[in-house]
Amino acid sequence: MAPLTRILQKHGLKFLLLFLLLGGIYYLYGYPTKYQGYAPDQPIPFSHKIHAGEVGVDCQFCHTSVDKSEHAGIPDTATCMKCHSQIASDSPDIQYLRSSFAQGVPMRWNKVHDLPDHAHFSHKAHVARGFDCVQCHGSVEKMDKVEVVAEFNMGWCVNCHRMYTEQEHPAGNNTMVGITSCGTCHY
Ligand code: HEC
Ligand code: HEC
Ligand code: HEC
Ligand code: HEC
Ligand code: HEC
């Protein structure tokens, strides 16, 4: 025992720091995901399975700014009324939708995905790059209620950025290395 106690006395602080460092890395990169599986209820049960799946409405018909700005955008009620001024009149949910539209009260959709403010994401950059919604959001057109599908933590973002950096530029000649630096997402 004696040698162990001596090692601990001499190096205990270093062990502690190493432990904290490993813990920190685990927390940032491997931490069991905070958001994966999150699927909040909505004021009325809007179904992507009906709209994007069965009816076959294009994602960008409703999420109009996904290729133009950071945010994909959530459609206003006027977009819904393009169809629901006619369709499904018997449904209490549609009657609620119409009456809130008539009163000019916006629907209060609960956010499903929500990164902390210190982390920046841009739809425009990823969509322009050719990524499909399904790569990050899963098969939304099969969901009655939208759910966070990806790990959705820092490790998830950084792993993909690292993969693309390596794929596109062999080591030593790496001009895309920028997307793995902290300042890309934290500014
Ligand atoms: C008819 C309009 C409409 C269409 C078409 C549509 N969406 Fe949506 N989408 C909405 C509305 C309204 C919400 C907010 C309510 C909710 O979360 O279900 C939403 C929410 C979402 C969310 C979650 C937003 C958040 O808060 O994080 C994602 C992701 C999403 N849509 C992706 C898609 C994808 C991918 C497609 C195409 C396969 C698509 N949507 C097609 C209207 C639409
Ligand atoms: C392109 C046309 C179209 C648009 C735009 C559209 N819907 Fe629909 N919606 C439909 C169709 C078609 C159905 C299926 C109707 C049925 O089964 O009787 C439906 C069904 C629904 C239902 C289920 C109604 C029920 O109780 O059976 C809800 C709720 C709904 N839509 C909400 C919305 C909301 C909210 C928006 C806007 C974000 C929206 N819809 C935009 C076409 C549309
Ligand atoms: C590279 C991954 C990635 C791709 C590809 C992607 N998204 Fe997202 N999406 C995200 C992230 C990350 C967030 C959360 C952003 C935040 O909270 O700031 C998000 C949030 C959303 C939201 C919530 C509202 C908003 O304006 O941000 C909607 C709606 C959405 N995405 C729709 C789409 C649609 C539709 C597509 C395909 C055209 C798509 N996304 C492609 C990663 C992605
Ligand atoms: C599926 C792979 C993938 C995922 C997941 C991903 N990214 Fe990216 N991201 C990329 C690629 C590739 C680029 C470089 C795009 C280009 O060529 O300009 C990029 C570029 C960016 C940029 C630079 C945008 C600009 O304006 O130049 C930011 C910021 C960014 N990503 C943030 C994030 C964040 C935050 C997440 C996680 C929430 C994330 N990304 C998830 C692949 C991904
Ligand atoms: C590709 C985008 C991206 C890059 C590059 C990136 N981060 Fe992050 N970072 C994120 C996202 C997204 C989150 C939020 C994760 C969450 O909420 O689970 C985050 C969270 C954090 C947090 C806070 C953890 C918390 O619990 O809120 C710290 C600290 C952090 N990052 C530091 C760094 C440092 C240091 C670097 C450079 C070595 C870096 N990040 C590079 C996207 C990125």
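Residues numbered from 1 in each chain as written. Chains lettered and ligands numbered in written order. Predicted model: local features only at pLDDT ≥ 70, side-chain atom pairs only at ≥ 80, totals over all residues.

As recorded in an unreviewed UniProt entry, the chain goes by the name Cytochrome c3 family protein, listed as coming from Leptonema illini.

## A short note on the overall build of the chain
Applied cut-off: Going along the chain from the N terminus, every DSSP run of H or I of four or more residues is numbered as a helix, and every run of E of two or more is numbered as a strand. Two residues qualify as being in contact provided that their C-beta atoms, derived from the backbone, are within 7 Å of each other.
In terms of helices and strands, the chain carries nine helices and zero strands. Considering only contacts in the chain between residues 6 or more positions apart, those separated by 24 or more positions represent 64%.

## Some words on the site of ligand 2
Which entries qualify depends on this criterion: To decide nearness, the C-beta atom of each residue is placed from the backbone, and the residue is near a molecule or strand if that atom lies within 6 Å of it. Under the grouping applied here, Gly and all other residues not named as nonpolar or charged are polar, the nonpolar ones being Ala, Val, Leu, Ile, Met, Phe, Trp, Tyr, Cys and Pro and the charged ones Asp, Glu, Lys and Arg.
Around ligand 2, the structure places 20 residues, and the nearest of them are Cys80, Cys83, Ala88, Ser91 and Asp93. Among the elements of the structure, helix H2 (48–54), helix H4 (77–84) and helix H5 (92–102) are those that each provide at least two residues to the shell around ligand 2. If one sorts the elements of the shell around ligand 2 by residue count, H4 sits on top with five residues. The residue makeup of the shell around ligand 2, split by class, is 14 nonpolar, four polar and two charged.

## Re the site of ligand 4
Phe121, Ala125, Cys157, Cys160 and Tyr164 are the nearest of the 19 residues found near ligand 4. No other element matches helix H8 (residues 154–168), which puts five residues into the shell around ligand 4. In terms of residue class, the shell around ligand 4 is made up of 12 nonpolar, six polar and one charged.

## Observations concerning the packing of H4 against H5
In helix packing, the relevant descriptors are the interaxial angle and the interaxial distance, both defined with respect to the helix axes. As a reminder of what qualifies: Axis definition: a line fitted to C-alpha atoms, over the contacting stretch in the case of helices. Angles run 0 to 180 degrees between N-to-C directions. For this classification, under 35 degrees means roughly parallel, over 145 means roughly antiparallel, 65 to 115 means roughly perpendicular, and everything else is oblique. Here a crossing is called left-handed whenever its near helix is offset anticlockwise from the far helix by less than a right angle, and right-handed whenever the offset is clockwise.
Taken N-terminus to C-terminus, the directions of H4 and H5 make an angle of 125°; their axes are 10 Å apart at the nearest point. Here H4 is positioned oblique relative to H5, judged by the angle of their axes. For the element pair H4 and H5, the recorded crossing hand is left-handed. From H4, Thr77, Cys80, Met81 and His84 reach across to H5, where they touch Ile94, Leu97, Arg98, Ser100 and Phe101. Each residue belonging to the contact of H4 with H5 can be placed in one class, and the counts come to five nonpolar, three polar and one charged.

## A look at unusual backbone geometry
Inclusion rule: The burial label depends on the number of other C-beta atoms within 10 Å of a residue's C-beta. Counts of 20 or more mean buried, 12 or fewer mean exposed, and intermediate counts mean partly exposed, with C-beta atoms placed from the backbone.
If you check the backbone angles, alanine 88 has positive phi at about 60° while not being a glycine. Residue position: alanine 88 is located in the loop between H4 and H5. Residue classification places alanine 88 among the exposed positions, given that 12 C-beta atoms sit within 10 Å. One non-glycine residue with positive phi stands out, namely phenylalanine 152, at about 60°. Among the secondary structure elements, phenylalanine 152 is positioned in the loop between helix H7 (133–137) and H8.

## Description of the environment of histidine 118
Structurally, histidine 118 is set in the loop between H5 and helix H6 (123–128). For the pair histidine 118 and cysteine 185, spaced 67 residues apart in the sequence, the C-alpha separation amounts to 8.0 Å.

## Considerations on the environment of cysteine 136
Summarising the element assignment, cysteine 136 is placed in helix H7. It is 10.0 Å that separates the C-alpha atoms of cysteine 136 and cysteine 157, two residues lying 21 residues apart in sequence.

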